[in-house]
Amino acid sequence: MGEKSEKIIEDILDSYKEYEMTVWINEENIINKEIIIEIIEELRKVLFPGYFDKNRVRSEYVKYLVGQRIEFIQYHLKKQVARALGTADDCDFCPRSGFATQADEIVQKFLEKIPKIREYLVTDVQAAFDGDPAAYSTDEIVFSYPGIHAITVYRIAHELVLLGVPQIPRIMTEYVHSLTGIDINPGAVIGKYFCIDHGTGIVIGETTEIGQHVKIYQGVTLGALSTKRGQLLKGEKRHPTIGNHVTIYSGTSVLGGETVIGDGVTIGGNAFIVNSISAGMKVNVKNPELQYSRDSRSEFIQDGFWDWVI
């Protein structure tokens, strides 16, 4: 190895010493993101049997197949949960091992929640189908809709949040965020029949509460009104509460922990909402005034229509 390469390596090692916050050396293995992704995919196969398998799932073998997948999930998730518990921010003086028993109990409780997760997901799929005339079947929705993908991973991660698992739920939802453009914090509380249409650019903050039969479109933000206080806001209600049977159209932002959107409200596109809205109201942004002028470049006028050159 040449002198220049040696110098580069020494400089990198010096940066490790200087910026220890982003270094994990001489500690037990940190959480394995790739394993967590594998767990997500195995869970999706359990939640939607037959949809994401390479081969046909036969009824006479389904019990064996589910058992095999549960065994994989239980074994690997228990290891990752134990590591997460041992590396939690509020556990600076905890040993990095010895969490196996606690992790085993958590994972067991989580696996018992799978039927409940399926119950919720069935309503989400139905809501997506009922609300989309372009959908030909519920199968199409399960296979291809990014909203259902994001909601599925959220519902998995949310159960882990309720069981006190640090880090892993956020890794899960940020993974699906990177795939779909839909950012749902796993701490949010979301009721049944939740529908995300199109989805790209949606943000749902940690303390958001969403009722049943809610539909939101692309570019919607359910966010905090201000985060200037940073970590001092941890644990406070920062995000809005959305009632039942609410529809929020594209590009709208609903902000603030004290903002409550009542049942049956419809909010039009591109609205900026920072105050509560009473039940049954319709809110629309007044259309901006459009100004028209004739293009002097007459060569672009054909048959009385404008051909716009972009």
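The following refers to the structure shown. Everything numeric in this text was worked out from a predicted model, so none of it was measured.

Re the overall build of the protein chain
Looking only at helices and strands, the protein chain has eight helices and 16 strands in total. Every one of the 310 residues in the protein chain was classed for burial, and the buried ones make up 38%. Entry remark: accessible area of the protein chain is about 18800 Å², with carbon and sulfur atoms responsible for 52%. With 32 positive and 42 negative side-chain charges, the protein chain shows a spacing of 4 Å between the two charge centroids.

Examining the sheet that holds strand E8 (residues 241–242)
Taken in spatial order, the four strands of this open sheet run E2-E5-E8-E11, and their pairing is parallel. Whereas interior strands pair on both sides, the edge strands pair on one side only; in this sheet they are strand E2 (189–190) and strand E11 (260–261). In the sheet, E8 pairs with E11 via two bridges, with the strands oriented parallel. By the bridge assignment, Ile 242 is partnered in E11 with Ile 261.

Some points on a negative patch on the surface
Negative charge collects at one region of the surface, where Glu 3, Glu 6, Glu 10, Asp 14 and Glu 18 lie side by side. Mapped onto the fold, Asp 14 is located in helix H1 (residues 3–18). Under the relative-accessibility criterion, Asp 14 is labelled partly exposed at 41%.

Concerning helix H5 (residues 114–130)
With 17 residues, H5 should cover 24 Å at 1.5 Å per step; its first-to-last C-alpha distance of 24 Å lies within 8% of that length. Among the residues making up H5, those that are buried are Ile 114, Ile 117, Leu 121, Thr 123, Asp 124, Val 125, Ala 127 and Ala 128. Packed against the buried residues of H5 are helix H2 (33–47), helix H3 (62–86), helix H4 (100–112), helix H6 (138–144), helix H7 (146–162) and strand E3 (195–197).

Considerations on unusual backbone geometry
Notably, His 198 is not glycine yet its phi reads approximately 70°, a positive angle. Its location among the elements puts His 198 in the loop between E3 and strand E4 (203–204). A positive phi angle is found at His 245, which is not glycine, with a value near 55°. Residue placement: His 245 occurs in the loop between E8 and strand E9 (247–248).

The rules behind each value
- Residues numbered from 1 in each chain as written.
- Predicted model: local features only at pLDDT ≥ 70, side-chain atom pairs only at ≥ 80, totals over all residues.
- Heavy atoms only, no water.
- Helix = DSSP H or I, 4+ residues; strand = E, 2+ residues; numbered from the N terminus.
- Buried < 20%, exposed > 50% of the residue type's maximum accessible area, 1.4 Å probe, protein only.
- Areas by Shrake-Rupley, 256 points an atom, 1.4 Å probe, with all protein chains shown as cover.
- Lys, Arg positive; Asp, Glu negative; His and termini not counted.
- Charge placed at Lys NZ, Arg CZ, Asp CG, Glu CD.
- Pairing = 2+ DSSP bridges.
- Patch = residues over 30% accessible without salt bridge, like charges linked within 9 Å, V, L, I, M, F, W, Y side chains within 5 Å.
- Salt bridge = Lys/Arg side-chain N within 4 Å of Asp/Glu carboxyl O.
- Expected span 1.5 Å × (residues − 1).
- Contact = heavy atoms within 4.5 Å.

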